[in-house]
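Next come the chains, spelled out residue by residue.
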Amino acid sequence: MSEQKKKGLFARLKEGLSRTRGNLTDKVDDLVKENRKIDEDFYEELEDILLLADCGVKATTAILDELRVRVKRENMKDAGEARAALKQIMVEQMDVPRPPLKWPMVMLVVGVNGVGKTTTIGKLALRFQSIGRRVMLCAGDTFRAAAAEQLSVWAERARVPIIKHEEGADPAAVVFDGVKAAKAQQADLLIVDTAGRLHNKKNLMDELNKMRRVIDREYPEADVRCILVLDATTGQNGLAQAKAFKEFAEIGGIILTKLDGTAKGGIALAIRQELEVPVWYIGVGEGIDDLQPFSAKDFVEALF
């Protein structure tokens, strides 16, 4: 990637995270100024800041435990030194590398309604197509009115083929046809939209498992990844959704949308600690290019 394009991506990330920065980093900066001593009050205030930014109890505890170890080991005296250590610890906490992509691949995209799933699928199609991959979409959400039409709009924008059936059709049957078409056209990537009714509905999970069985049976050579789309603005509620999905489906990665709309971007840290699943992409705006590969280093850099 050219240096100019990388700078452009970073600028968008920085802009997208501005609300989180106001909630997290600015408060950390207020905490560490004026040569403040590192004492128990310091740790308590830092804990409050991290929890308010939606880092979650588990991640916050892990960060503070590690910070205490480093402060003691490196004999840090004032809070300014602790800021640099905090930044480094946050990078380390979030840095779960995405497993290498293998082709052909099927991406089963899951998530509750309203998280930006269809838009995300469209942006993924554009992203992979722009690097020369043959992409195909499959409208597996046959329950939500107009879901296939919305996906068709994105297929048109990305200039990729789409496989769809009538509303109310059996999703597994749509997936069966999608797999057949992907094999026939030697597609590198088949992206499957799935129904997003409430995550505690057993029939939704049964439907997902049925689709997965069809793919495993009909397309054994494909690398199948189940990707969960979460809305960052829902914070801990989004985390609860993720835990519920993880019980039923083997979640291989997370796409975090609407990070530009929340002051609680610490949810990326919470996801890493609570779920031990890598964040693959983050959405920091409405534009087509605003779905970016997640880099822990860039994320923390943009925050600080």
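Residues numbered from 1 in each chain as written. Predicted model: local features only at pLDDT ≥ 70, side-chain atom pairs only at ≥ 80, totals over all residues. Heavy atoms only, no water.

J.: Can you walk me through the sheet that holds strand β6 (residues 251–257) in this structure?
T.: Within a sheet, adjacent strands bond to each other through the backbone by hydrogen bonds, running parallel or antiparallel. In space, the eight strands of this open sheet follow the order β3-β2-β4-β1-β5-β6-β7-β8, with mixed pairing throughout. For this open sheet the edge positions go to β3 (162–163) and β8 (291–293), each flanked by a neighbour on one side alone. When β6 meets strand β7 (residues 279–283), the two strands line up parallel, connected through three bridges. For I254, the partnering residue across the bridge sits in β7 and is V279. Where helix α8 (residues 147–158) meets the sheet, its contacts fall on β2 (135–139), β3 and β4 (189–193), and the angle it forms with β2 comes to roughly 170°. Contacts from helix α10 (residues 202–218) reach β1 (105–110), β4 and β5 (223–231) within the one sheet, and its direction differs from that of β1 by about 175°. (Pairing = 2+ DSSP bridges. Helix = DSSP H or I, 4+ residues; strand = E, 2+ residues; numbered from the N terminus. Contact = heavy atoms within 4.5 Å. Axes fitted to C-alpha atoms, helices over the stretch in contact; angles between N-to-C directions.)

J.: Would you mind going over a negative patch on the surface with me for this structure?
T.: Together, D39, D41, E44, E47 and D48 make up a region of like negative charge exposed at the surface. The topology assignment puts D48 in helix α4 (residues 40–52). (Patch = residues over 30% accessible without salt bridge, like charges linked within 9 Å, V, L, I, M, F, W, Y side chains within 5 Å. Areas by Shrake-Rupley, 256 points an atom, 1.4 Å probe, with all protein chains shown as cover. Salt bridge = Lys/Arg side-chain N within 4 Å of Asp/Glu carboxyl O. Lys, Arg positive; Asp, Glu negative; His and termini not counted. Charge placed at Lys NZ, Arg CZ, Asp CG, Glu CD.)

J.: Please clarify how the packing of aromatic side chains should be interpreted in this entry.
T.: In this description, an aromatic ring pair is defined by two values, namely the gap between the centres and the angle between the planes. One pass over the full model with this rule turns up three aromatic pairs. Judged by centre distance (5.5 Å) and plane angle (65°), the ring pair of F42 and Y43 falls under edge-to-face. Geometrically, the ring pair formed by F294 and F299 is tilted, given 5.4 Å between the ring centres and 55° between the ring planes. Just as F294 is buried, F299 falls in that class too. R68 extends its terminal NZ or CZ atom over the ring of Y43, reaching a point 4.1 Å from the ring centre. (Phe/Tyr/Trp six-rings, centres within 6.5 Å; stacked < 30°, edge-to-face > 60°. Buried < 20%, exposed > 50% of the residue type's maximum accessible area, 1.4 Å probe, protein only. Lys NZ or Arg CZ within 6 Å of the ring centre and 35° of its normal.)

J.: Hey, could you run me through the side chain of D54 in this one?
T.: With respect to the helices, strands and loops of the structure, D54 is situated in the loop between α4 and α5 (57–73). Its relative accessible area of 7% is what places D54 among the buried residues. Each residue touching D54, except ones within four places of it in the same chain, is listed here: G235, Q236, K264, G266, I267 and A270.

J.: Is there a simple way to explain unusual backbone geometry in this structure?
T.: Cis geometry is adopted by the peptide bond preceding P104, which originates at W103 and carries an omega value of -5°. With respect to the helices, strands and loops of the structure, P104 is situated in the loop between α6 (79–94) and β1. With phi around 55°, R159 is a residue other than glycine that occupies positive phi space. Along the chain, the position of R159 falls in the loop between α8 and β3. With a phi angle near 60°, K258 is a residue other than glycine that sits in the positive phi range. Following the sequence through the fold, K258 ends up in the loop between β6 and α12 (267–275).

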